[in-house]
Amino acid sequence: MRQEDILEGLNKQQLEAVTSTEGPMLLLAGAGSGKTRVITHRIAYGLQQGTFRADQVLAVTFTNKAAGEMRERISNLSRVDFNRHWVKTFHSACAAILRREAPAFNYPRDFTIYDTRDQTALIKDILKKTGGSLANSTPAAILNKISRAQDSLLGPGDLKPRFDGDMQHEQLTAVYRIYQERLQEAKALDFGDLIFQTVRLFEEQEEILEKWRTRFPYLLIDEFQDTNKAQYTLMKQLAKKSRNVCVVGDDDQSIYSWRGADIHNIRSFQKDFQEAKIIRLEQNYRSTPQILEIASSVISNNNERMSKTLWSQLEKGPGAVYLETEDDREEAEAIAGGIRELAEQDTAFPDIAVFYRTNFQSRTIEECLMQREIPYRVIGSVRFYERKEVKDLLAYLRLAVNPYDAQAFERAASVPPRGIGARTRALLREKAAAGRDLITACEQSIAEGSIKGKRTVSGLKNLLLCLRAVQDAASVKDAVARGMEKSGLMQHYAEEEQRLGDLHELHAAADSFAADSPDEGLGEFLNRIALLGEMDKTDSATGVNLMTLHNAKGLEFDTVFIAGMEEGLFPHYLSADEQRRLEEERRLFYVGITRAKQRLLLSAASRRFSFGRTSYNEPSRFLNEIPESLCEKRGGAFLRTPRLRAAKPHKNTPEATVTEDQSSPGFREGERVSHPRYGEGVITRRTGPEVVARVQVAFRERSCLFLERYSNLTSLEKEE
DNA sequence: ACTCTTGGAGTTTTT
DNA sequence: CTCCAAGAGT
């Protein structure tokens, strides 16, 4: 692509940001100010000018999905295929570095990455063993403390007591220390470790740091306001010499301080890189002036912010609409009704989003959408790789790759039940503690006769040995297939269609991984999975988008609903007392508002039913922060015209209705169909009420149950 | 010794 | 709904 194309249509500030490819830069990019455009064009420009080569750039984004999009946009702009290059999250970048440097810090290349559940289980186990229950602290709370310590580059010895003789502190230090030891024994790293250990490695081994500095003389860090101290330090280490680092952020969109993010990194950057060019992007290209005014008005209630004024030249639009309902059910129905009506006017389903503060709120909304036959997708609710059956299968694969992985062993040894109980498992793990792997531990225990269930342990050992052999020889896909077959999980879950489907999906994921990265092995596949968020699902949107406000960051929609505008829920009661945390809730609201291009629809329920309990809530204080002239309060329904047309005019040409599955009449049993992932199949059963009919489909190698409406199935019998 | 069933309790946000 | 702990059953 020619230079004038890369630079075309940029405003003054954007142009300066794009063309300043050398030296440090702080890009303060307001919501909707064309940030992604600037970042991608900047890299494309540098490539085109010959300032740097693609393999000299390390770009860090917040999610894998954002990374994927950035790769694609740069590739399109620059005629360079950027897909092989380093656009990663902090975590995946560190995992990749540590894999390559494994010998230098005495870890195997194929280490395991512990997720939150592995971590919590480990802490529970430690608490049990040490007998010490940390005074009124749940394992999750302890884990949180440990994670925050890691984010701040504090090891067990670096924790400071709050006062002399702080029991909490001593116990926490002890648990943290054992926790780290156990991770090492298991040849595992957790999320915090990935960053912490990389920083430590760079600190301790100058020549390795030097190598990576030389490798990446150009850095870019996106969502900089959400970086923690460890990440900041890593950036500094890498950028110290070249000083070619561009950080991009917006202090008003900092919403992850509970995860260790430190907003002061923006100030630190100005100190550490005093020669940095500072550019503000304040023109908003996304939202109407009305939406922007609402957002500005709300965020102006925060004290801790760098002042910044967004403005928009877009056409005027409507103000916000606020709806109060009796309960959550009514709220959900109003949202569904509003969506229906908007869809009949001018807005397509994928251009609509519904945001909420907590995941459980999605359930009621989903039910109403389903009833009204409105297609939707939920982003990030139950993470695929955290589902029980998926973790079960992953446990076997993890052990095949890393036979020291104690958490995987716990799971693999007990699901499906094979007669190895807690006691035997503990014995085997003890055996493995002295630097032995778990397979060897099994072997030795059998040889010594120190164990009761000799036969079953022997069976498990052989199974693991077999999987280990397979992963060396076979493709990732075959290794997963072998795991499914040999683990006994397929039989174990034979009755549960959903779980079987998930196992097959993991197999399919392995297949596509193998296609994308033919040179990578099972270990890399497992690492990749551990770092994958649900956000990254790439299937194109066909329905309304449902997600938490946290997941909404970086996205935009024509129409945005924000549900549950109630005290106690939003701001959440756990964050409402402290000023700093309340301000973060407000920023979360700000993020939500600024996702909207045209319309903003808010709602609150005075009664909410959640898990056997009814709570009564006042409307959120944030509502009072919206200028009155820009917030119209309604009762009953969102739109002024609840039922304009009783019936739609009937279309008499059949071709018009065949194209979209909107009007799909439903399949017959015995009908031949095709699915984009599973291929051809036959409907074996069709059940349930018409609106939410389920179909059972037999494919060549498996059988799946779908909700008919969203199944992506196409008939093979209606073709001309 | 191990597994399965039952009842009770807890649920912010997530790489 | 889903995770735990405790007790009964094999």
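Refer to the structure presented above.
Residues numbered from 1 in each chain as written. Chains lettered and ligands numbered in written order. Predicted model: local features only at pLDDT ≥ 70, side-chain atom pairs only at ≥ 80, totals over all residues. Heavy atoms only, no water.

## Let's talk about the environment of cysteine 631
Here is step 1 of the chain: Structurally, cysteine 631 is set in strand E18 (residues 631-635).
Here is step 2 of the chain: With near-sequence residues (within four places) excluded, cysteine 631 lies in contact with Ala320, Tyr322 and Ile626. (Helix = DSSP H or I, 4+ residues; strand = E, 2+ residues; numbered from the N terminus. Contact = heavy atoms within 4.5 Å.)

## Examining the packing of aromatic side chains
What characterises a pair of aromatic rings is the spacing of the ring centres plus the angle enclosed by the ring planes.
Here is step 1 of the chain: Evaluation of the coordinates by the stated rule reveals 17 aromatic pairs.
Here is step 2 of the chain: Both rings, one in phenylalanine 224 and one in phenylalanine 269, keep their centres 5.9 Å apart while their planes meet at 70 degrees; by these two values the pair is edge-to-face. Here the residue phenylalanine 224 occupies a position in the loop between strand E6 (218-221) and helix H11 (229-239), and phenylalanine 269 occupies one in helix H12 (residues 265-272), the gap between them amounting to 45 residues. The same class applies to phenylalanine 224 and to phenylalanine 269, which are both buried.
Here is step 3 of the chain: Ring centres of phenylalanine 561 and phenylalanine 638 lie 5.2 Å apart, and the angle between their planes is 75 degrees; this geometry places the pair in the edge-to-face category. On the criterion of sequence distance, the pair formed by phenylalanine 561 in strand E15 (residues 557-562) and phenylalanine 638 in the loop between E18 and helix H26 (655-658) is long-range, its members being 77 residues apart.
Here is step 4 of the chain: Judged by its relative accessible area of 0%, phenylalanine 561 is buried. (Phe/Tyr/Trp six-rings, centres within 6.5 Å; stacked < 30°, edge-to-face > 60°. Buried < 20%, exposed > 50% of the residue type's maximum accessible area, 1.4 Å probe, protein only.)

## Considerations on the sheet that holds E6
Here is step 1 of the chain: Pairing in this open sheet of six strands is parallel, and the strands run E3-E2-E6-E7-E1-E8 from one edge to the other. In this open sheet, the two edge strands, each paired with only one partner strand, are strand E3 (86-89) and strand E8 (277-281). Strand-to-strand twist of the sheet, defined as the mean angle between neighbouring strand axes without regard to direction, takes the value 15 degrees.
Here is step 2 of the chain: Inspection of the sheet shows strand E1 (residues 25-29) paired to E8 by five bridges, in the parallel sense. For leucine 26, the partnering residue across the bridge sits in E8 and is isoleucine 278.
Here is step 3 of the chain: Of the strands in this sheet, E1, strand E7 (245-249) and E8 touch H12, which is tilted by about 150 degrees from E1. (Pairing = 2+ DSSP bridges. Axes fitted to C-alpha atoms, helices over the stretch in contact; angles between N-to-C directions.)

## Considerations on the pattern of salt bridges
Here is step 1 of the chain: For the structure shown, the criterion picks out 44 salt bridges.
Here is step 2 of the chain: Between glutamate 524 and arginine 99 there is a salt bridge, with its nearest N and O atoms 3.0 Å apart. Here glutamate 524, found in helix H24 (residues 522-530), pairs with arginine 99, found in helix H5 (residues 90-100); they are 425 residues apart in sequence, far enough to count as distant. Neither glutamate 524 nor arginine 99 differs from the other in exposure class; each is buried.
Here is step 3 of the chain: Among the salt bridges present, the one from arginine 608 reaches glutamate 331, with a minimum N-O distance of 3.1 Å. (Salt bridge = Lys/Arg side-chain N within 4 Å of Asp/Glu carboxyl O.)

## A few points about the packing of helix H14 (residues 328-345) against helix H15 (residues 362-371)
Here is step 1 of the chain: Look at H14 against H15: their axes get within 8 Å of each other, and the N-to-C directions meet at 45 degrees. Considering their axes alone, H14 and H15 lie oblique with respect to each other. Here the hand of the crossing between H14 and H15 comes out right-handed. Between H14, through Asp328, Arg329, Ala332, Glu333, Ile335, Ala336 and Ile339, and H15, the contact on the second element is made entirely by Thr364, Ile365, Glu367, Cys368, Leu369 and Gln371. (Parallel < 35°, antiparallel > 145°, perpendicular 65-115°, else oblique. Left-handed = near helix turned anticlockwise from the far one by under 90°.)

## Quick notes on the side chain of glutamate 223
Here is step 1 of the chain: Within the secondary structure, glutamate 223 sits in the loop between E6 and H11.
Here is step 2 of the chain: At 2.8 Å, the side chain of glutamate 223 forms a polar contact with the side chain of glutamine 225.
Here is step 3 of the chain: At 3.5 Å, the side chain of glutamate 223 and the side chain of lysine 553 are in polar contact.
Here is step 4 of the chain: The residues contacting glutamate 223, other than those within four sequence positions of it, are Lys35, Phe62, Val248 and Lys553. (Polar contact = N/O pair within 3.5 Å; in protein donor to acceptor, adjacent residues only side chain to side chain.)

## Side note on H5
Here is step 1 of the chain: Among the 11 residues in H5, nine count as buried, and that is most of the element.
Here is step 2 of the chain: What H5 keeps buried is the set Phe90, Ser92, Ala93, Cys94, Ala95, Ala96, Ile97, Leu98 and Arg99.

## A short note on the environment of glutamate 495
Here is step 1 of the chain: For glutamate 495, the location among the structural elements is in the loop between helix H22 (489-492) and helix H23 (497-516).
Here is step 2 of the chain: Its relative accessible area of 75% is what places glutamate 495 among the exposed residues.
Here is step 3 of the chain: With 130 residues separating them along the chain, glutamate 495 and glutamate 625 place their C-alpha atoms 53 Å apart.

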